[in-house]
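A closer look at the structure
Chain residues, written in single-letter form:
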Amino acid sequence: YLPLGLPALRARIAQWHTTSGLPTTPEQIAITNGAQHAISLIARLLVRSGDQVLVESPTYPGAIDAFTRAGATLTAVSTDGAGARIDAIGRAVPGARLAYVMPSFHNPTGSVMPEGRRRELAGTAGRGDVWVIEDNCLDHLWYHQPPPPAVAAFARGEHIISIGSLSKLFWGGMRIGWLRADPATINRI
């Protein structure tokens, strides 16, 4: 019984992250039954009834469902052609528990957050115990050039959890997703 997933799969996903510019060890990976399961696990681990959760406007409806079921109060953060506006996140951070963003090929807008904005967002993580949840499920669906490195690549120990999935790349029925975080957070999950 392997509650964090098959060791060989965890190692391969860690290697995939490392190759993409985000150094990762297998101890930083937990396998899930798809990305939606990953979001639900995060909501159950980090959100308590009444906690403020920041979400982009618009955002992925499945995230809204998971955070609402956990009892969160959702706060919409404005977006532009480059994704979530960091100034809007910064204004809302003092009372927030976490911010959920899709920095690459945002669903439903398709926007890609530039590297500078990703660096700013990484700096926001950890302020006032705010977690940044980056949904990277669509990162590998590019045509001309890959997106900038993940937000977590610019972190220095901040509270950032990355979500990934093979469903969009291969087949939705595979239901293979994962979480990437510091080993202590992975063990709590």
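Please refer to the structure higher up on the page.
None of the values given here were measured: they were computed from a predicted structure. (Residues numbered from 1 in each chain as written. Predicted model: local features only at pLDDT ≥ 70, side-chain atom pairs only at ≥ 80, totals over all residues. Heavy atoms only, no water.)

**Quick word on the sheet that holds strand β3 (residues 73-80)**
Strand order across the open sheet formed by 8 strands is β1-β8-β7-β6-β5-β2-β3-β4, with mixed pairing between neighbours. Two strands bound the open sheet, and with one partner strand each, they are β1 (29-32) and β4 (83-84). Pairing analysis gives 4 bridges linking strand β7 (residues 160-165) to strand β8 (residues 177-180), with the strands arranged antiparallel. Bridge pairing links Gly164 to Trp178 in β8. (Pairing = 2+ DSSP bridges. Helix = DSSP H or I, 4+ residues; strand = E, 2+ residues; numbered from the N terminus.)

**Topic: the packing of aromatic side chains**
Here the distance between the centres and the angle between the planes together describe a pair of aromatic rings. For the coordinates displayed, the defined rule picks out 2 aromatic pairs. Geometrically, the ring pair formed by Trp16 and Trp178 is tilted, given 5.7 Å between the ring centres and 50° between the ring planes. Placement of Trp16 in helix α1 (residues 7-19) and of Trp178 in strand β8 is noted, with a sequence separation of 162 residues between them. Owing to a relative accessible area of 26%, Trp16 belongs among the partly exposed residues under this scheme. (Phe/Tyr/Trp six-rings, centres within 6.5 Å; stacked < 30°, edge-to-face > 60°. Buried < 20%, exposed > 50% of the residue type's maximum accessible area, 1.4 Å probe, protein only.)

**Quick look at unusual backbone geometry**
Omega for the bond connecting Ser57 with Pro58 falls within 30 degrees of zero, at 5°, which places this linkage in the cis form. Along the chain, Pro58 turns up in the loop between β2 (52-57) and α3 (61-69). In the segment running from Asn107 into Pro108, the intervening peptide bond is cis, with an omega of 25°. Within the secondary structure, Pro108 sits in the loop between β5 (96-101) and α5 (115-124). For Phe105, which is not glycine, the phi dihedral falls at a positive 55°.

**A word on a nonpolar patch on the surface**
There is a patch of nonpolar side chains on the surface, built from Phe170, Trp171 and Met174 and spanning about 380 Å² of accessible area. Mapped onto the elements of the fold, Met174 is located in the loop between β7 and β8. Overall, Met174 belongs to the partly exposed group, its relative accessible area being 33%. (Patch = residues over 30% accessible without salt bridge, like charges linked within 9 Å, V, L, I, M, F, W, Y side chains within 5 Å. Areas by Shrake-Rupley, 256 points an atom, 1.4 Å probe, with all protein chains shown as cover. Salt bridge = Lys/Arg side-chain N within 4 Å of Asp/Glu carboxyl O.)

**A closer look at the nonpolar core**
Counting 30 residues, the largest nonpolar core has Phe67, Leu98, Ile133 and Ile163 as the members making the most contacts within it. Sorting elements by how many residues they give to this core places helix α2 (residues 35-46) first, with 8 residues. Leaving out residues up to four positions away in the same chain, Ile163 has contacts with Ala35, Ala38, Ile39, Ile42, Ile133, Glu134, Asp135, Asn136, Cys137, Trp178 and Leu179. (Core = buried A, V, L, I, M, F, W, Y, C linked by side-chain atoms within 4.5 Å. Contact = heavy atoms within 4.5 Å.)

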